[in-house]
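Results of the structural survey
Residues per chain are reported as follows:
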Amino acid sequence: MEFASYLSGERWSDHPACTQGTLAHLARMVNDRTTDSGRARLTPLIPTVIGLTSDDPLLDVLLAVRAAHAALPVVAVERQRSQAVAVHVAIAVLAVHGDAFAAEGSELARAALRAAPAADAWAARFIEEVGPIRRAGMSVQQCRDVVTGAVDGIARACVSDADDRLVSLLTAAVSDTARFVGAERAATDVPARAEAPVAS
């Protein structure tokens, strides 16, 4: 993220304004948790995160789901359970949105739960005991906590390809964000073009 700030012409910082906050958080986490060889593989992603900005809180939820989807199959049981609870909450949040991104996020979330059925069942029981999810919302900090737990869990998992999984996670998250931001900008550009005077 520091190199991204430099390339975008900002003050040197690992929290640049040129990248959406939760994506930048994920990038910092992956950078910190990969090995030296894995970190070298992140270099091509640096320019791709520049300009990926959005204030839509839906994107934070989608990135949290992406991280949980990568983590749930491999992380330790305790982390699986907390990630599964977060995914259940995310599904409730996404249900109030009617767009294609929410639908894709919901399917990704359900796929994550199918990958860890025991954690899914535990999360369902936990939510039933504490009461239904009454407020369909996830704060930015909650989304970033999910990302933190997912990345740290993958890095500590008993797998031989943790670097591969982390690099793949960040690559997918960048792609998700680029599509989301692109659609957001296209939607705001349509009215502007429609209102432009037509030359006679």
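In short, a report on the structure. (Residues numbered from 1 in each chain as written. Predicted model: local features only at pLDDT ≥ 70, side-chain atom pairs only at ≥ 80, totals over all residues. Heavy atoms only, no water.)

**Examining the overall build of the chain**
This is how it is decided: Secondary structure elements follow DSSP: runs of H or I no shorter than four residues count as helices, runs of E no shorter than two count as strands, and numbering proceeds from the N terminus. Each residue's exposure class comes from its accessible area (1.4 Å probe, protein chains only) as a fraction of the maximum for that residue type: buried when under 20%, exposed when over 50%, partly exposed otherwise.
Secondary structure summary: the chain contains nine helices and zero strands in total. Ordered by position from N to C terminus, the α and β elements of the chain give α-α-α-α-α-α-α-α-α. With 200 residues in all, the chain has 44% of them scored as buried.

**Considering helix α5 (residues 77-94)**
The criterion, for reference: In this analysis, the expected span of each helix is defined as 1.5 Å times one less than the number of residues it contains. Contacts between residues were defined by any pair of non-hydrogen atoms, one from each residue, lying within 4.5 Å.
The end-to-end C-alpha distance of α5 is 25 Å, a good match for the 26 Å that 18 residues give at a rise of 1.5 Å each. Three or more residues of α5 are buried, namely Gln80, Gln83, Ala84, Val85, Ala86, Val87, His88, Val89, Ala90, Ile91, Val93 and Leu94. Buried positions along α5 lie against α4 (57-71), α6 (100-114), α7 (117-130) and α8 (140-156).

**Quick notes on the environment of Ala90**
Following the sequence through the fold, Ala90 ends up in helix α5. For Ala90, a relative accessible area of 2% puts it in the buried group. In this structure the C-alpha to C-alpha distance between Ala90 and Val61, which are 29 residues apart in sequence, comes to 6.5 Å. Each residue touching Ala90, except ones within four places of it in the same chain, is listed here: Val61, Val65 and Met138.

**Re the packing of α5 against α6**
Which entries qualify depends on this criterion: Only the contacting stretch of a helix is used when fitting its axis, a line to C-alpha atoms as for every element, and angles between N-to-C directions run 0 to 180 degrees. By definition in this entry, angles of less than 35 degrees are roughly parallel, angles greater than 145 are roughly antiparallel, angles of 65 to 115 are roughly perpendicular, and the rest are oblique. Less than a right angle of anticlockwise turn of the near helix away from the far helix marks a crossing as left-handed, whereas a clockwise turn marks it as right-handed. For this classification, the nonpolar set comprises Ala, Val, Leu, Ile, Met, Phe, Trp, Tyr, Cys and Pro, the charged set comprises Asp, Glu, Lys and Arg, and every other residue, Gly included, is treated as polar.
α6 packs onto α5 with a crossing angle of 155° between their chain directions and a minimal axis gap of 9 Å. By the angle class used here, α5 and α6 are roughly antiparallel. The handedness of the crossing between α5 and α6 is left-handed. On α6, the residues that touch Ala84, Val87, His88, Ile91 and Leu94 of α5 are Ala102, Gly105, Ser106, Ala109, Arg110 and Leu113. Looking at side-chain class alone, the contact of α5 with α6 contains seven nonpolar, three polar and one charged residues.

**Observations concerning the packing of aromatic side chains**
Counted only if it meets this: Only centres within 6.5 Å qualify two rings of Phe, Tyr or Trp (six-membered ring in Trp) as a pair; their planes then separate them into stacked at under 30 degrees, edge-to-face at over 60, and tilted for everything else.
Enumeration according to the criterion identifies two aromatic pairs in this entry. Summarising the aromatic geometry, the rings of Trp122 and Phe126 are spaced 5.3 Å apart at their centres and angled 10° between planes, so their arrangement reads as stacked. Note that Trp122 and Phe126 are positioned in helix α7 at a spacing of four residues, about one turn of the helix. Residue Trp122 is classed as partly exposed on the basis of its relative accessible area of 26%. Taking the relative accessible area as the measure of exposure, Phe126 reaches 33% and is therefore partly exposed.

**Brief notes about the nonpolar core**
What counts is decided by this rule: To form a nonpolar core, buried Ala, Val, Leu, Ile, Met, Phe, Trp, Tyr and Cys residues must be joined to one another through side-chain atoms within 4.5 Å.
By size, the foremost hydrophobic cluster in this structure holds 56 residues, and its most contacted members are Leu23, Leu26, Leu72, Met138, Val151, Ile154 and Leu170. Looking at this core, the elements with two or more residues in it are α2 (21-33), α4, α5, α6, α7, α8 and α9 (162-195). Ranked by the residues each element gives to this core, the list is headed by α4, at eleven residues. In contact with Leu170, other than residues within four places in its own chain, are Leu23, Leu26, Ala27, Val30, Leu42 and Leu45.

**Concerning the packing of α4 against α5**
Two measures define how a pair of helices packs: the angle their axes make with one another and the distance between the axes. Interaxial distance between α4 and α5 falls to 10 Å at its minimum, and their mutual angle equals 145°. Crossing angle aside, the handedness with which α4 passes α5 is left-handed. Within the contact between the two elements, α4 uses Leu58, Val61, Leu62, Val65, Ala68 and Ala71 and α5 uses Gln83, Val87, Ala90, Val93 and Leu94. Along the lines of polarity and charge, the residues of the contact of α4 with α5 split into ten nonpolar, one polar and no charged.

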